[in-house]
Amino acid sequence: DRVSAKLMSTKRTVWDKRGTAYELTGKLGEGGQGMVCSTQFPNVLVKVSKLPTTEPRTLEWHKHLQWVARQPLEGLHIARPRALIVKPRLGYVMELMDGLEPLRTLMEQSHNALVAGAGLEGFLKTGGLRRRLRLLGRMARLLAQLHGRGLAYGDLSPANVFVSKSLDQGEVWLIDCDNVTALSREGGQKLYTPDYGAPEVMVGTSGINSLTDSWSF
């Protein structure tokens with residue numbers, strides 16, 4: 001949209017609370033809250049809000065990020081906030097291991113091959129059924145570990161799941177963890193990706209919890 005185009009029209013720099021500068025070198029994903037970008041540092045990503053710093057929703061989101069940073073996520077393959085971005089817009093810094101790409105990329109390769117008339121060629125070149133089951137198994141285990149700590153992820157979608165580029169590897173990581181929350185039965189939390197949001201979250205009769213994560217999975 002217009003805001004993200006403006007952010008990426010030139011090399012844009014943002015700063016964290018310690019004064020470290022991050023140059024936004026490319027857009028990896030975008031949602032209602034903000035935009036995830038690569039930086040000049042290998043495997044370091046930044047998510048910046050598309051709303052002004054003074055917007056109440058932005059300030060509440062930034063406060064929630066501080067809460068997420070304090071949660072027991074150690075040992076989980078979740079790109080937790082490593083530093084808070086404070087200017088010119090609010091956001092946070094996250095770090096991934098090397099050699100990962102969005103699960104969405106794998107899905108698009110398979111789909112594009114079908115559209116081009118190549119049949120299952122794209123499906124097989126990206127690892128086939130065996131690799132997909134392997135990745136889904138590791139994703140299920142990661143979600144179970146998170147739920148076991150009394151937390152839910154909240155916005156599970158192919159854009160937020162990163163997997164190994166190499167067909168020989170099966171690493172699975174979750175990014176965009178600003179939606180992580182304590183397990184809740186209350187309504188009001190409506191953060192979801194179209195086609196992946198649980199019905200009860202969409203209509204506001206339930207908050208984010210292990211069951212809504214399972215529906216998205």
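Just so you know, these numbers come straight off a predicted model, no measurement behind them.

About the criteria used
Residues numbered from 1 in each chain as written. Predicted model: local features only at pLDDT ≥ 70, side-chain atom pairs only at ≥ 80, totals over all residues. Heavy atoms only, no water. Pairing = 2+ DSSP bridges. Helix = DSSP H or I, 4+ residues; strand = E, 2+ residues; numbered from the N terminus. Axes fitted to C-alpha atoms, helices over the stretch in contact; angles between N-to-C directions. Contact = heavy atoms within 4.5 Å. Phe/Tyr/Trp six-rings, centres within 6.5 Å; stacked < 30°, edge-to-face > 60°. Buried < 20%, exposed > 50% of the residue type's maximum accessible area, 1.4 Å probe, protein only. Lys NZ or Arg CZ within 6 Å of the ring centre and 35° of its normal. Core = buried A, V, L, I, M, F, W, Y, C linked by side-chain atoms within 4.5 Å. Expected span 1.5 Å × (residues − 1). Arc of directions from axis to C-beta.

**Thoughts on the sheet that holds strand 10 (residues 161-164)**
Taking strand neighbours across the sheet as the criterion, the three strands line up as 8-10-11 in an open arrangement whose pairing is antiparallel. Both edges of this open sheet fall to strand 8 (100-102) and strand 11 (172-174), since each of them pairs with a single strand only. Within the sheet, the average angular offset between the axes of one strand and its neighbour, ignoring direction, is 30°. Inspection of the sheet shows strand 10 paired to strand 11 by three bridges, in the antiparallel sense. Each residue of the ladder has a partner; that of V161, found in strand 11, is L174. Running over the sheet, helix 3 (residues 103-115) touches strand 8 and strand 10 and is turned about 65° from strand 8. Sitting on the sheet, helix 5 (residues 128-148) touches strand 10 and strand 11, and the angle it makes with strand 11 is about 45°.

**Section: unusual backbone geometry**
Residue K87 is joined to P88 through a cis peptide bond whose omega torsion reads -5°. Inspection of the secondary structure assignment puts P88 in the loop between strand 6 (83-87) and strand 7 (91-95). Phi is positive for N43, which is not a glycine, with a value near 65°. Although it is not a glycine, D176 adopts a positive phi angle of roughly 55°. Here D176 is to be found in the loop between strand 11 and strand 12 (181-182).

**Side note on the packing of aromatic side chains**
Inspection of the entire model under this criterion finds two aromatic pairs. An angle of 80° between the planes, with centres 5.7 Å apart, marks the rings of Y22 and F41 as edge-to-face. In this pair, Y22 is assigned in strand 2 (residues 21-24) and F41 in the loop between strand 4 (34-38) and strand 5 (44-49), connecting sequence segments 19 residues apart. In this structure F41 comes out as partly exposed when scored by relative accessible area, which is 34%. Taking NZ or CZ as reference, K87 lies 5.4 Å from the ring centre of W15, over its face.

**Brief notes about the nonpolar core**
Formed by 20 residues in total, the largest nonpolar core has its most connected members in L73, I78, L146, Y153, L156, V161 and L174. Going through the elements one at a time, helix 3, helix 5, strand 10 and strand 11 are the ones with two or more residues in this core. Per-element tally for this core: the top contributor is helix 5, with five residues. Setting aside chain neighbours within four positions, we find L73 in contact with V68, I78, R80, L146, R149 and L151. In terms of nonpolar packing, the next biggest core, distinct from the first, is built from 13 residues, V36, Y92, F162 and I175 among them.

**So, the environment of L51**
Its location among the elements puts L51 in the loop between strand 5 and helix 2 (56-69). Once the C-alpha coordinates of L51 and R70 are considered, the two residues, 19 residues apart in sequence, prove to be 24 Å apart. Setting aside residues up to four positions removed in sequence, L51 forms contacts with R57, T58 and R89.

**Some points on helix 3**
Residues spaced three or four apart along an α-helix point in a common direction, a consequence of the helix completing one turn every 3.6 residues. In a regular helix each residue adds 1.5 Å, so 13 residues correspond to 18 Å; helix 3 covers 19 Å between its end C-alpha atoms and thus fits that length. Restricting attention to buried positions, one finds in helix 3 the residues L103, L106, S110 and A113. Projection of helix 3 onto a plane perpendicular to its axis shows the buried side chains occupying an angular sector of 100°, all on one side. Taken from the residues just after helix 3, G117 is the one with a positive phi, measuring 85°.

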